[in-house]
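Read off the chains here:
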Amino acid sequence: MKEREGFSSTLGSLLVLAGSAVGLGNIWRFPYMLGEYGGGAFILIYIACMALVSLPILLAELALGRRSQKTAYGTLAALDKGGKIWKKAGFLFVLIPAVTLSYYCVIGGWTVKYFVDSCAMKFGPSVPASEITGAFGSFVSSPWETLGYHLLFLTLTCVIIALGVRKGIEQFSKLMMPALFIIMVLIAVRSMTIPPQEGVSGTAADGVRYLFSPDFSKVTPRMVIAAMGQAFFSLSIGMGIMMTYGSYLGRRENLLKTAVNTSVFDLVFAVIAGCAVIPAMFAYGMYDNPEMAVAGPGLVYKTLPVVFSQMPLGSVIAVFFFFAVILAALTSAMSLFEVPVSYLVESRRMRRPAACILTFVIVFAFGTVCSLSFGPLSEVKLLGMQIFDAVDHVTADWLMPVAGMVAVLFAGWKMKRSELRDELTNSGELRGVGKVFPLLYVLMRYVAPAGILAVVAASLF
Ligand code: PHE
């Protein structure tokens, strides 16, 4: 039998996993949550949510994947020796990433467009703010332009995946992740050192204070649920990604260490992104401006371009910033793309290039519908929302928690305890992991499922 391709090194594996975890959510959602939910207090709660809920699920997915040596589709069925119901559940792990990828690539396309625009100095000092913010609305509603950039971003993702697990995913992550990290650190330094501006009451230092000074009065059940939801989404769990990547991890890798390092990388990056985004917004008086978005696409594609246009050397920073956002989105999109491709290769016996093309076609077609929902299809409603929002809502708020639950319940309740222990300790070799195993087991069996339930219940009410 041909040996299964996997990642070649510990560092490479970490950068691949971190590449999936670090994405748009770290840039456009975490910074806002950090400031809004009490700074240092939020970080503490967020770390608790990660440790108690997300990390056990991540660990379960990695363990299941590596044990089965199958892509997410076949993981559970293989571990249950061909159980029929798990085969059906396997489809969930192909469907969710494929659907998510469809709309993720639309946003990826926007990022490419903003990178191109920043290279063309469209966010230069003489451009009025209203022109910059207005440009976003006209761009997303123009069908051909958005489709062109969408196609470009998806093609880029597809080419990297077609190159394979090592030469594509691992090699590119090793190049892109350090670059992403360095650029974000530089922008954060710039942002935090902006001198006070004439006519603006806030300063960069106010932004830093807002981000970090702990306010425990903001710790409410709502905040905890929001933190848990973000910790879940940010680690890319409940998608089959981590099972698939787990199956590419070497036999000697320490899964617990891998999972902890991935979580730490993800959190550190999110905090740095906060330092890059928030202080600059304070310094230019954008944070208390009700017309300016402080999170989501509005932050990245409207507010920040306006900030860049007012900053000395802002046009250069904009180029680097949008390049970084492309890298963050691309490494996440790669991880989504790999799951359906590996299913087609492994379970449908397709060759990798053919599997990539088929995935490309399906994802592009579905993504086009999502993309057009900002323009010609804006009147079409699903669940009372625009198509794009509905698809995002169903996958992120429903399907991902369900899939995460299936994975962690399988590890905690269906798999034999000894088998799970064996996988996590590399057959007993990792003594330290063996010692904490009872705790990890409790987290997987009870705590993490309860956490998922809480998030789902909260989104219901
Ligand atoms: N983790 C990514 C982020 O924080 C989003 C993502 C979720 C990517 C699921 C892939 C899969 O932006």
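Refer to the structure presented above.
Since this is a predicted model, take the numbers as computed values, not measurements. (Residues numbered from 1 in each chain as written. Predicted model: local features only at pLDDT ≥ 70, side-chain atom pairs only at ≥ 80, totals over all residues. Heavy atoms only, no water.)

A. Local environment of the pattern of salt bridges. Tallying each qualifying case throughout the model produces 15 salt bridges. A salt bridge links arginine 67 to glutamate 419; the nearest nitrogen and oxygen atoms lie 3.3 Å apart. Taken together, the positions of arginine 67 in helix H4 (residues 40–68) and glutamate 419 in helix H18 (residues 417–424) put the pair 352 residues apart, joining distant regions of the chain. Residue lysine 113 is joined to glutamate 145 by a salt bridge in which the shortest nitrogen-to-oxygen separation is 3.0 Å. Within this pair, whereas lysine 113 is found in helix H6 (residues 84–119), its partner glutamate 145 is found in helix H8 (residues 143–162), the two being separated by 32 residues in sequence. Through salt bridges with shared partners, one network takes in Arg66, Arg67, Arg251, Glu419, Asp422 and Glu423. (Salt bridge = Lys/Arg side-chain N within 4 Å of Asp/Glu carboxyl O. Helix = DSSP H or I, 4+ residues; strand = E, 2+ residues; numbered from the N terminus.)

B. Region of interest: the state of the cysteines. Throughout the structure, instances matching the rule amount to 0 disulfides. Looking at cysteine 105, it has no disulfide partner, and the nearest cysteine sulfur is the one in cysteine 158, 9.8 Å off. Residue class for cysteine 105 comes out buried when judged on its relative accessible area of 0%. (Disulfide = S-S within 2.5 Å. Buried < 20%, exposed > 50% of the residue type's maximum accessible area, 1.4 Å probe, protein only.)

C. Summary view of the nonpolar core. In terms of nonpolar packing, the biggest core is built from 166 residues, with Phe321 and Leu424 touching the most fellow members. Top contributing element to this core by residue count: helix H15 (residues 314–347), with 19 residues. Once residues lying within four places of it in the same chain are set aside, the contact partners of leucine 424 are Leu59, Ala63, Leu255, Leu430, Val433, Phe437, Leu440 and Met444. (Core = buried A, V, L, I, M, F, W, Y, C linked by side-chain atoms within 4.5 Å. Contact = heavy atoms within 4.5 Å.)

D. Highlighting the side chain of serine 234. Structurally, serine 234 can be placed in helix H11 (residues 221–234). A distance of 3.4 Å separates polar atoms of two side chains, one belonging to serine 234 and the other to asparagine 26. When neighbours within four sequence positions are excluded, serine 234 is seen to be in contact with Ala21, Asn26, Tyr46 and Asp266. (Polar contact = N/O pair within 3.5 Å; in protein donor to acceptor, adjacent residues only side chain to side chain.)

E. Representation of the packing of H4 against helix H17 (residues 387–414) in the model. At a minimum axis distance of 9 Å, the contact between H4 and H17 shows a crossing angle of 70 degrees. The orientation of H4 relative to H17 falls into the category roughly perpendicular. Relative to H17, the crossing made by H4 is left-handed. Contacts between H4 and H17 involve Pro56, Ile57, Ala60, Glu61 and Leu64 from the former and Gly404, Ala407, Val408, Phe410 and Ala411 from the latter. For the contact of H4 with H17, the class distribution of residues is 8 nonpolar, 1 polar and 1 charged. (Axes fitted to C-alpha atoms, helices over the stretch in contact; angles between N-to-C directions. Parallel < 35°, antiparallel > 145°, perpendicular 65-115°, else oblique. Left-handed = near helix turned anticlockwise from the far one by under 90°. Nonpolar A, V, L, I, M, F, W, Y, C, P; charged D, E, K, R; others polar.)

F. Summary view of unusual backbone geometry. Positive phi values are uncommon outside glycine, yet serine 236 reaches one of about 55 degrees. Structurally, the position occupied by serine 236 is in the loop between H11 and helix H12 (241–246). Overall, the relative accessible area of 8% leaves serine 236 in the buried class. Notably, serine 427 is not glycine yet its phi reads approximately 55 degrees, a positive angle. Within the secondary structure, serine 427 sits in the loop between H18 and helix H19 (431–460).

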